[in-house]
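This is what each chain is made of:
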Amino acid sequence: KQEVTQIPAALSVPEGENLVLNCSFTDSAIYNLQWFRQDPGKGLTSLLLIQSSQREQTSGRLNASLDKSSGRSTLYIAASQPGDSATYLCAPGAGTASKLTFGTGTRLQVTL
Amino acid sequence: DTEVTQTPKHLVMGMTNKKSLKCEQHMGHRAMYWYKQKAKKPPELMFVYSYEKLSINESVPSRFSPECPNSSLLNLHLHALQPEDSALYLCASSPGLAIYTGELFFGEGSRLTVL
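Throughout this document, residue positions are counted from 1 along each chain, in the order its sequence is written. All chains are assigned letters beginning at A, and all ligands numbers beginning at 1, according to the order in which they are written. Thresholds applied to this predicted model are a pLDDT of at least 70 for local features of residues and 80 or more for the giving and counting of side-chain atom pairs; totals over whole chains, interfaces and linings are not thresholded and use all residues. Only hydrogens and water are set aside when side-chain values are computed; all heavy atoms of the structure are taken into account.

### Concerning the pattern of salt bridges
At step 1: By definition here, a salt bridge exists when the distance from a side-chain nitrogen of Lys or Arg to a carboxyl oxygen of Asp or Glu is within 4 Å. For the structure shown, the criterion picks out 5 salt bridges over all chains.
At step 2: Between Arg61 of chain A and Asp84 of chain A there is a salt bridge, and its shortest N-O distance comes to 2.9 Å. Remark: Asp84 of chain A occurs in the loop between strand E8 (72–77) and strand E9 (86–94) and Arg61 of chain A occurs in the loop between strand E6 (56–59) and strand E7 (62–67); sequence separation between them is 23 residues.
At step 3: Salt-bridge contacts for Lys36 of chain B lead to Asp85 of chain B; the nearest nitrogen and oxygen are separated by 4.0 Å. Helix and strand labels come from DSSP, where a helix needs a run of H or I of at least four residues and a strand needs a run of E of at least two; each type is numbered from the N terminus.

### A short note on the sheet that holds strand E1 (residues 4–7) of chain B
Residues and elements named next belong to chain B.
At step 1: Taking strand neighbours across the sheet as the criterion, the 4 strands line up as E1-E3-E8-E7 in an open arrangement whose pairing is antiparallel. Edge positions in the sheet fall to E1 and strand E7 (64–70), since each has one partner strand and no second. Sheet twist, expressed as the average angle between the axes of neighbouring strands with direction ignored, equals 20°.
At step 2: A pair of strands counts as paired when DSSP detects no fewer than two bridges linking them. For strand E3 (residues 18–25) and strand E8 (residues 73–79), the ladder comprises 7 bridges, and the chain directions are antiparallel. Interaxial angle, 0 to 180 degrees, is taken between N-to-C directions of lines fitted to C-alpha atoms, where a helix line uses only the stretch in contact.

### Re the nonpolar core
At step 1: Take the buried residues of types Ala, Val, Leu, Ile, Met, Phe, Trp, Tyr and Cys, join any two whose side-chain atoms come within 4.5 Å, and each joined set is a nonpolar core. Only protein chains enter the accessibility calculation, which uses a 1.4 Å probe; a residue whose area is less than 20% of its type maximum is buried, one above 50% is exposed, and one in between is partly exposed. Membership of the largest hydrophobic core comes to 23 residues, with the highest contact counts inside it found for Trp34, Phe64, Leu76 and Leu78 of chain B.
At step 2: Sorting the residues of this core by element identifies strand E2 (10–13), E3, strand E4 (31–37), strand E5 (44–50), E7, E8, strand E9 (87–94) and strand E11 (110–114) of chain B as the ones contributing at least two each.
At step 3: The criterion used for residue contact is that any of the two residues' heavy atoms lie within 4.5 Å. Setting aside its immediate chain neighbours within four residues, Leu76 of chain B contacts Lys19, Ser20, Leu21, Trp34, Met46, Phe47, Phe64, Ser65, Pro66 and Tyr89 of chain B.
At step 4: One finds Val13, Leu19, Ala64 and Ala86 of chain A within the second-largest nonpolar core, a separate group that totals 22 residues.

### Points about the sheet that holds E7 of chain A
All names here are of chain A.
At step 1: Pairing is antiparallel in the open sheet, where 5 strands are placed in the order E1-E3-E8-E7-E6. Taken across any chain shown, the strands that pair with only one partner, and hence form the sheet edges, are strand E1 (4–7) and E6. Ignoring strand direction, the axes of neighbouring strands in this sheet form an average angle of 15°.
At step 2: Here E1 runs beside strand E3 (residues 19–25); their pairing, made up of 4 bridges, is antiparallel.

### A closer look at the environment of Pro61 of chain B
At step 1: Relative to the helices and strands, Pro61 of chain B resides in the loop between strand E6 (53–57) and E7.
At step 2: Sequence separation of Pro61 of chain B and Ser93 of chain B is 32 residues, and the distance between their C-alpha atoms is 22 Å.

### Re the packing of aromatic side chains
At step 1: Stacked, edge-to-face and tilted labels apply to pairs of Phe, Tyr and Trp rings (six-membered ring for Trp) whose centres lie within 6.5 Å, assigned for plane angles under 30 degrees, over 60, and everything in between, in that order. Taken as a whole and judged by the stated rule, the model has 7 aromatic pairs over all chains.
At step 2: Seen from their ring centres, Phe36 of chain A and Phe102 of chain A are 5.5 Å apart, and the 45° between their planes marks the pair as tilted. Of the two residues, Phe36 of chain A is situated in strand E4 (residues 30–38) and Phe102 of chain A in the loop between strand E10 (99–100) and strand E11 (106–111); the sequence distance between them amounts to 66 residues. The two residues Phe36 of chain A and Phe102 of chain A agree in class, both being buried.
At step 3: For the ring pair Phe102 of chain A and Tyr35 of chain B, a centre distance of 5.6 Å and an interplane angle of 85° mean the geometry is edge-to-face. Taken together, the residues Phe102 of chain A in the loop between E10 and E11 and Tyr35 of chain B in strand E4 connect one chain to another. Summarising the burial analysis for this pair, Phe102 of chain A and Tyr35 of chain B share the class buried.
At step 4: Ring pairs connect the aromatic residues Phe36 and Phe102 of chain A together with Tyr33, Tyr35 and Phe106 of chain B, which therefore count as one cluster.

### Some details on empty space enclosed by the protein
All names here are of chain B.
At step 1: Buried and open spaces are told apart on a 1 Å grid over the protein atoms alone, a cavity being a set of points where a 1.4 Å probe fits but cannot get out and a pocket being an open set with protein on both sides within 12 Å along at least five of seven lines. Residues with an atom within 4 Å of a point are the lining residues. Grid points are joined across faces, edges and corners, and a volume is the space filled by probe spheres set on the points. Taken as a whole and judged by the stated rule, the model has 1 cavity of 30 Å³ or more.
At step 2: Every residue along the wall of the largest cavity is listed here: His29, Arg30, Met32, Tyr49, Tyr51, Glu52, Cys68 and Ser71.
At step 3: Grouping the amino acids of the lining of the largest cavity by side-chain chemistry returns 4 nonpolar, 2 polar and 2 charged. By the convention adopted, Pro, Cys, Tyr, Trp, Phe, Met, Ile, Leu, Val and Ala count as nonpolar, Lys, Arg, Asp and Glu as charged, and the other residues, Gly among them, as polar.

As structure tokens, then:
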């Protein structure tokens, strides 16, 4: 069974800081890994998708890396803004489980 | 158009009621999903439809009954629910099965309260 852990569980930073969110997973037989953002009481928005053959993906101020063999992914957020405040979830797509498994999430607050 | 639309946004029902949640996408996606999310927890998979056929049922109680009338629509029929079923119900779609092709698109969710 795939277990997905995200560290830290919560993070509060002042505006402008560069951030690192961590995701670790136990089953490395994944096809891809996706990072999502969720605002309170809302649905999830896809941020980045990394295929298992890729090492990283970038979109604007976001950069996600994947080390499949060690079961880790990292989301970097550059120059954080108050609008980045949300919960960030990673979800590896594991072949053996035939489904995406969501991580426990990191609640981010960026203050002025 | 990259939207997944869920209705209603909010639903309050008694334990003896029968109601339905609806989900629609017009992106030509062939896989659709229902997830349940409790407060401060990650989404939990309930059902997966692939090419209009139920491909995954995560041992969900029979008081939840999914239906996929066509490739654009996904319903979740609710009957005799319990208060602990109160949660945010999320619908999602993907071009193919998300574990292979990636990129899951979510709706805004339906907030269900069972009294």
